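Each chain, letter by letter, is given below.
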Amino acid sequence: MEQAEILRNQLLGETLVKKLSQRGFGAYYCADKNAALAKALELIPAEDVVSWGGSVTIKEIGLLDAVKRRNPVIDRDTAANAEEKTELMRRALLCDTYLMSANAISKDGQLVNIDGNGNRVAALIYGPKQVLVIAGMNKVAGTLEGALDRARNVAAPINAARFAGLPTPCAKTGACAECASAQSICSQVVITRTCRVPQRIKVILVGESLGF
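As a starting point, this report considers the structure included with it. Predicted, not measured: the structure shown is a model, and the values here were computed from it.

## Notes on the side chain of arginine 150
Thought 1: Positionally, arginine 150 belongs in helix α7 (residues 144–162).
Thought 2: Here arginine 150 occupies a buried position and makes no salt bridge, while the nearest side chain of opposite charge, aspartate 149, is found at 8.6 Å.
Thought 3: Contact partners of arginine 150, with chain neighbours within four places excluded, come to Asn103, Ala104, Asn138, Lys139, Ala155 and Phe212.

Next comes the structure, spelled out in structure tokens:
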């Protein structure tokens, strides 16, 4: 990464930490994924039951493997069948620490997330004692409208493409078509303006490009 880009990420990240803090979020800036992993583990008590939503970012920084080694976890991927998977996803809503990323963050400190089933945004809103949101600086948009656009036209099409055969327009065209498909992965569009319980939601910004 060019030095100028590193400096830009740091300056923007430090400004965004202030904006997030003003909205009640716990907020931290880490220069790279190693620092982000260390900060996340510092924030998660070793005895916490941990679960997570679908996130490439938490895998990229090594957090998923780390909590599996250290903490009791609720892992839906261990389910033997669809019914058990659904039950594990329900149990995850009452875990101690929930891990996720954000589809986008506006420069004034609002989180934007889209979801199909809704389990990820449900946990963000209410249930787990704390939620850790890990986000690369590539997720930051200039405005709330820009963050919504990023979620719909960058994150959603890529996520749709990850699931082979998903019959949504964005999986075929790479852009949101405001579809009403039963398989839509953006059935829920959630804007988190503030953290109602101070610092229950903690955002770790990472000065790298992570996830999508």
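## Things to note about helix α5 (residues 82–92)
Thought 1: The set of residues buried in α5 consists of Leu88, Met89 and Ala92. Projection of α5 onto a plane perpendicular to its axis shows the buried side chains occupying an angular sector of 100°, all on one side. Exposed positions of α5 whose direction lies more than 90 degrees from the buried face are Glu83 and Arg90.
Thought 2: Along its buried surface, α5 packs onto β2 (50–52), β3 (97–100) and α6 (119–125).

## Some details on the sheet that holds strand β1 (residues 26–30)
Thought 1: The 5 strands lie next to each other as β1-β9-β6-β3-β2, forming an open sheet whose pairing is parallel. The two strands at the open ends of the sheet, each matched to only one other strand, are β1 and β2. Each neighbouring strand pair of the sheet contributes to a mean axis angle of 20°, computed without reference to strand direction.
Thought 2: Against the sheet, helix α4 (residues 63–70) touches β2, β3 and β6 (130–136), its axis set at about 150° to β2.

## Some details on the sheet that holds strand β8 (residues 188–192)
Thought 1: Strand order in the open sheet made by the 4 strands is β7-β4-β5-β8, with mixed pairing throughout. Every other strand in the sheet has two partners, leaving β7 (140–141) and β8 as the edge strands with one partner each.
Thought 2: Here strand β4 (residues 104–106) runs beside strand β5 (residues 111–115); their pairing, made up of 2 bridges, is antiparallel. By the bridge assignment, isoleucine 105 is partnered in β5 with leucine 111.

Cut-offs used in this document
Residues numbered from 1 in each chain as written. Predicted model: local features only at pLDDT ≥ 70, side-chain atom pairs only at ≥ 80, totals over all residues. Heavy atoms only, no water. Helix = DSSP H or I, 4+ residues; strand = E, 2+ residues; numbered from the N terminus. Buried < 20%, exposed > 50% of the residue type's maximum accessible area, 1.4 Å probe, protein only. Lys, Arg positive; Asp, Glu negative; His and termini not counted. Salt bridge = Lys/Arg side-chain N within 4 Å of Asp/Glu carboxyl O. Contact = heavy atoms within 4.5 Å. Arc of directions from axis to C-beta. Pairing = 2+ DSSP bridges. Axes fitted to C-alpha atoms, helices over the stretch in contact; angles between N-to-C directions.

Distances and angles like these do not, on their own, reveal function.
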